[in-house]
There are 2 protein chains.
Amino acid sequence: MALLDFFRQNKKSNSAAVARERLQILVAHDRGRNGPSYLPQLQRELLKVIRKYVEVDEDAVNVHLENEGNQEILELNIVLPER
Amino acid sequence: MALLDFFRQNKKSNSAAVARERLQILVAHDRGRNGPSYLPQLQRELLKVIRKYVEVDEDAVNVHLENEGNQEILELNIVLPER
(Lines give C-alpha, C1' and ligand atoms only; values in the text may rest on other atoms or scores of the structure.)
Protein backbone atom coordinates (compact mmCIF):
# COMPACT_ATOMS: atom_id res chain seq x y z
CA MET A 1 0.00 0.00 0.00
CA ALA A 2 3.02 2.26 -0.12
CA LEU A 3 1.94 3.56 -3.51
CA LEU A 4 -1.44 4.58 -2.20
CA ASP A 5 0.26 6.44 0.62
CA PHE A 6 2.27 8.27 -1.97
CA PHE A 7 -0.83 9.37 -3.86
CA ARG A 8 -2.38 10.56 -0.63
CA GLN A 9 0.65 12.67 0.17
CA ASN A 10 0.64 14.03 -3.34
CA LYS A 11 -2.99 14.98 -2.99
CA LYS A 12 -2.38 16.88 0.20
CA SER A 13 0.42 18.91 -1.32
CA ASN A 14 -1.90 19.90 -4.17
CA SER A 15 -4.75 20.96 -1.93
CA ALA A 16 -4.15 24.63 -2.63
CA ALA A 17 -4.35 24.09 -6.38
CA VAL A 18 -7.52 24.69 -8.38
CA ALA A 19 -9.81 21.66 -8.08
CA ARG A 20 -9.79 20.66 -11.73
CA GLU A 21 -10.71 17.14 -12.68
CA ARG A 22 -7.55 15.18 -13.39
CA LEU A 23 -6.51 11.75 -14.43
CA GLN A 24 -3.02 10.51 -13.81
CA ILE A 25 -1.80 7.23 -15.21
CA LEU A 26 1.49 5.60 -14.42
CA VAL A 27 2.76 2.45 -16.05
CA ALA A 28 5.95 0.96 -14.67
CA HIS A 29 7.42 -1.97 -16.54
CA ASP A 30 10.17 -3.94 -14.84
CA ARG A 31 11.66 -6.05 -17.55
CA GLY A 32 13.24 -9.22 -16.18
CA ARG A 33 15.37 -9.35 -19.29
CA ASN A 34 15.51 -6.87 -22.12
CA GLY A 35 12.62 -7.25 -24.46
CA PRO A 36 11.14 -4.82 -26.96
CA SER A 37 9.45 -1.78 -25.48
CA TYR A 38 5.73 -1.57 -26.11
CA LEU A 39 4.97 1.36 -23.84
CA PRO A 40 4.83 4.00 -26.63
CA GLN A 41 2.21 1.90 -28.46
CA LEU A 42 0.46 1.10 -25.20
CA GLN A 43 0.28 4.82 -24.43
CA ARG A 44 -1.70 5.51 -27.61
CA GLU A 45 -4.08 2.66 -26.86
CA LEU A 46 -4.56 3.76 -23.26
CA LEU A 47 -5.55 7.22 -24.44
CA LYS A 48 -7.98 5.68 -26.91
CA VAL A 49 -9.63 3.70 -24.09
CA ILE A 50 -9.78 6.72 -21.79
CA ARG A 51 -11.45 8.77 -24.52
CA LYS A 52 -14.38 6.33 -24.38
CA TYR A 53 -15.10 7.60 -20.87
CA VAL A 54 -14.01 11.21 -20.87
CA GLU A 55 -13.35 13.97 -23.35
CA VAL A 56 -9.61 14.53 -23.59
CA ASP A 57 -8.20 17.50 -25.46
CA GLU A 58 -5.03 16.84 -27.42
CA ASP A 59 -3.16 19.56 -25.51
CA ALA A 60 -4.46 18.47 -22.11
CA VAL A 61 -2.23 15.40 -22.11
CA ASN A 62 1.26 15.53 -20.73
CA VAL A 63 3.32 12.44 -21.52
CA HIS A 64 6.63 11.41 -20.05
CA LEU A 65 8.42 8.20 -20.91
CA GLU A 66 11.58 7.25 -19.11
CA ASN A 67 14.01 4.37 -19.29
CA GLU A 68 16.34 3.47 -16.50
CA GLY A 69 18.16 0.18 -16.71
CA ASN A 70 15.54 -2.54 -16.93
CA GLN A 71 12.75 -0.26 -15.78
CA GLU A 72 10.57 1.81 -18.05
CA ILE A 73 8.06 4.29 -16.74
CA LEU A 74 5.26 5.90 -18.67
CA GLU A 75 3.49 8.83 -17.07
CA LEU A 76 0.33 10.41 -18.44
CA ASN A 77 -1.12 13.50 -16.82
CA ILE A 78 -4.47 14.56 -18.16
CA VAL A 79 -6.45 17.65 -17.21
CA LEU A 80 -10.07 16.94 -17.99
CA PRO A 81 -12.30 19.66 -19.43
CA GLU A 82 -14.83 21.29 -17.14
CA ARG A 83 -18.29 19.91 -17.63
CA MET B 1 8.93 14.37 -11.57
CA ALA B 2 8.25 13.47 -7.95
CA LEU B 3 6.31 10.40 -9.06
CA LEU B 4 9.24 9.10 -11.04
CA ASP B 5 11.43 9.52 -7.98
CA PHE B 6 8.96 7.43 -6.07
CA PHE B 7 9.16 4.60 -8.59
CA ARG B 8 12.94 4.72 -8.47
CA GLN B 9 12.88 4.38 -4.69
CA ASN B 10 10.42 1.54 -4.97
CA LYS B 11 12.70 -0.23 -7.42
CA LYS B 12 15.69 0.00 -5.10
CA SER B 13 13.80 -1.50 -2.19
CA ASN B 14 12.86 -4.44 -4.40
CA SER B 15 16.37 -5.12 -5.62
CA ALA B 16 16.68 -8.27 -3.52
CA ALA B 17 13.50 -9.73 -5.00
CA VAL B 18 13.51 -12.19 -7.88
CA ALA B 19 13.83 -10.31 -11.16
CA ARG B 20 10.46 -11.26 -12.61
CA GLU B 21 8.96 -9.16 -15.34
CA ARG B 22 6.30 -6.91 -13.87
CA LEU B 23 3.86 -4.31 -14.99
CA GLN B 24 2.37 -1.89 -12.54
CA ILE B 25 -0.41 0.49 -13.51
CA LEU B 26 -1.77 3.26 -11.39
CA VAL B 27 -4.71 5.42 -12.31
CA ALA B 28 -5.52 8.32 -10.04
CA HIS B 29 -8.68 10.23 -10.73
CA ASP B 30 -9.15 13.55 -8.99
CA ARG B 31 -12.76 14.42 -9.49
CA GLY B 32 -13.35 18.16 -9.41
CA ARG B 33 -16.94 17.43 -8.46
CA ASN B 34 -18.54 14.06 -7.89
CA GLY B 35 -19.31 12.31 -11.14
CA PRO B 36 -19.91 8.65 -11.85
CA SER B 37 -16.93 6.36 -11.36
CA TYR B 38 -15.69 4.69 -14.50
CA LEU B 39 -12.52 3.16 -13.07
CA PRO B 40 -13.92 -0.39 -12.66
CA GLN B 41 -14.90 -0.42 -16.35
CA LEU B 42 -11.67 1.26 -17.30
CA GLN B 43 -9.75 -1.43 -15.43
CA ARG B 44 -11.25 -4.18 -17.58
CA GLU B 45 -10.47 -2.28 -20.76
CA LEU B 46 -6.92 -1.55 -19.66
CA LEU B 47 -6.32 -5.25 -19.11
CA LYS B 48 -7.75 -5.99 -22.52
CA VAL B 49 -5.31 -3.54 -24.11
CA ILE B 50 -2.35 -4.91 -22.14
CA ARG B 51 -3.19 -8.45 -23.26
CA LYS B 52 -2.53 -7.35 -26.85
CA TYR B 53 1.12 -6.89 -25.88
CA VAL B 54 1.77 -9.47 -23.20
CA GLU B 55 0.31 -12.70 -21.96
CA VAL B 56 -1.43 -12.07 -18.63
CA ASP B 57 -2.68 -14.94 -16.51
CA GLU B 58 -5.96 -14.35 -14.72
CA ASP B 59 -4.35 -15.02 -11.32
CA ALA B 60 -1.30 -12.87 -12.05
CA VAL B 61 -3.31 -9.67 -11.71
CA ASN B 62 -3.71 -7.97 -8.38
CA VAL B 63 -6.30 -5.20 -8.40
CA HIS B 64 -6.91 -2.57 -5.78
CA LEU B 65 -9.48 0.17 -6.10
CA GLU B 66 -9.76 2.84 -3.47
CA ASN B 67 -11.95 5.87 -2.91
CA GLU B 68 -11.00 8.71 -0.67
CA GLY B 69 -13.05 11.86 -0.84
CA ASN B 70 -12.89 13.13 -4.39
CA GLN B 71 -9.93 10.95 -5.28
CA GLU B 72 -10.14 7.46 -6.68
CA ILE B 73 -7.11 5.27 -7.20
CA LEU B 74 -6.92 2.12 -9.24
CA GLU B 75 -3.84 -0.01 -8.83
CA LEU B 76 -3.02 -2.99 -11.03
CA ASN B 77 -0.03 -5.17 -10.31
CA ILE B 78 0.73 -7.77 -12.91
CA VAL B 79 3.42 -10.42 -12.77
CA LEU B 80 4.21 -11.41 -16.33
CA PRO B 81 4.90 -15.05 -17.21
CA GLU B 82 8.48 -16.05 -17.89
CA ARG B 83 9.19 -16.33 -21.58
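Not measured: the values here are computed from a predicted model.

## A word on the side chain of B:E45
Alright, step 1. One can find B:E45 in helix α2 (residues 39-50).
Alright, step 2. Residues in contact with B:E45, not counting those within four places in the same chain, are A:V49, A:K52 and A:Y53.

## Observations regarding the environment of A:E82
Alright, step 1. Here A:E82 is to be found in the segment after β3 (71-79).
Alright, step 2. The spacing of A:E82 and A:D59 is 23 residues in sequence and 14 Å in space, taken between C-alpha atoms.

## Here we look at the packing of aromatic side chains
Alright, step 1. This structure, assessed with the given rule, holds 2 aromatic pairs over all chains.
Alright, step 2. With 5.5 Å between their ring centres and 20° between their planes, A:Y38 and B:Y53 make a pair best called stacked. Placement of the pair is A:Y38 in the loop between β1 (22-30) and α2 (39-53) and B:Y53 in the loop between α2 and β2 (61-68), with the two residues belonging to separate chains.

## Section: the pairing of β1(A)
Alright, step 1. In terms of residue burial, β1(A) counts as a mostly covered element, since 7 of its 9 residues are buried.
Alright, step 2. Sheet analysis places β1(A) next to β3(A), joined by 9 bridges and oriented antiparallel. Bridging across to β3(A), A:L26 finds its partner in A:E75.
Alright, step 3. When β1(A) meets strand β1 (residues 22-30) of chain B, the two strands line up antiparallel, connected through 9 bridges.

## Here's the deal with α2(A)
Alright, step 1. Taking 1.5 Å of rise per residue, 15 residues should cover 21 Å, and α2(A) covers 21 Å from first to last C-alpha, within 8% of that figure.
Alright, step 2. Those residues of α2(A) that fall on the buried side of the exposure criterion are A:L39, A:L42, A:Q43, A:E45, A:L46, A:L47, A:V49 and A:I50.
Alright, step 3. Of the surrounding secondary structure, the elements contacted by the buried residues of α2(A) are β1, β2 (61-68) and β3 of chain A together with α2 of chain B.

## Considering the pairing of β2(A)
All names here are of chain A.
Alright, step 1. Judged from the 8 bridges that link them, β2 and β3 form a sheet pairing that is antiparallel. If you follow N62 over to β3, its bridge partner there is N77.
Alright, step 2. A loop of 2 residues connects β2 with β3, the two strands running antiparallel in sequence, and G69 in this loop sits at a positive phi of about 60°.

## Quick notes on the pattern of salt bridges
Alright, step 1. Counted by the stated rule, this structure contains 5 salt bridges over all chains.
Alright, step 2. The partner of A:E58 in a salt bridge is A:R51, with the nearest N and O atoms 3.7 Å apart.
Alright, step 3. Its salt-bridge partner being B:R31, residue B:E72 comes within 4.0 Å of it at the nearest N-O pair. With B:E72 in strand β3 (residues 71-79) and B:R31 in the loop between β1 and α2, this residue pair connects regions lying 41 residues apart in the sequence. Note on accessibility: B:E72 and B:R31 belong to one class, buried.

Procedures and definitions
- Residues numbered from 1 in each chain as written.
- Chains lettered and ligands numbered in written order.
- Predicted model: local features only at pLDDT ≥ 70, side-chain atom pairs only at ≥ 80, totals over all residues.
- Heavy atoms only, no water.
- Helix = DSSP H or I, 4+ residues; strand = E, 2+ residues; numbered from the N terminus.
- Contact = heavy atoms within 4.5 Å.
- Phe/Tyr/Trp six-rings, centres within 6.5 Å; stacked < 30°, edge-to-face > 60°.
- Buried < 20%, exposed > 50% of the residue type's maximum accessible area, 1.4 Å probe, protein only.
- Pairing = 2+ DSSP bridges.
- Expected span 1.5 Å × (residues − 1).
- Salt bridge = Lys/Arg side-chain N within 4 Å of Asp/Glu carboxyl O.

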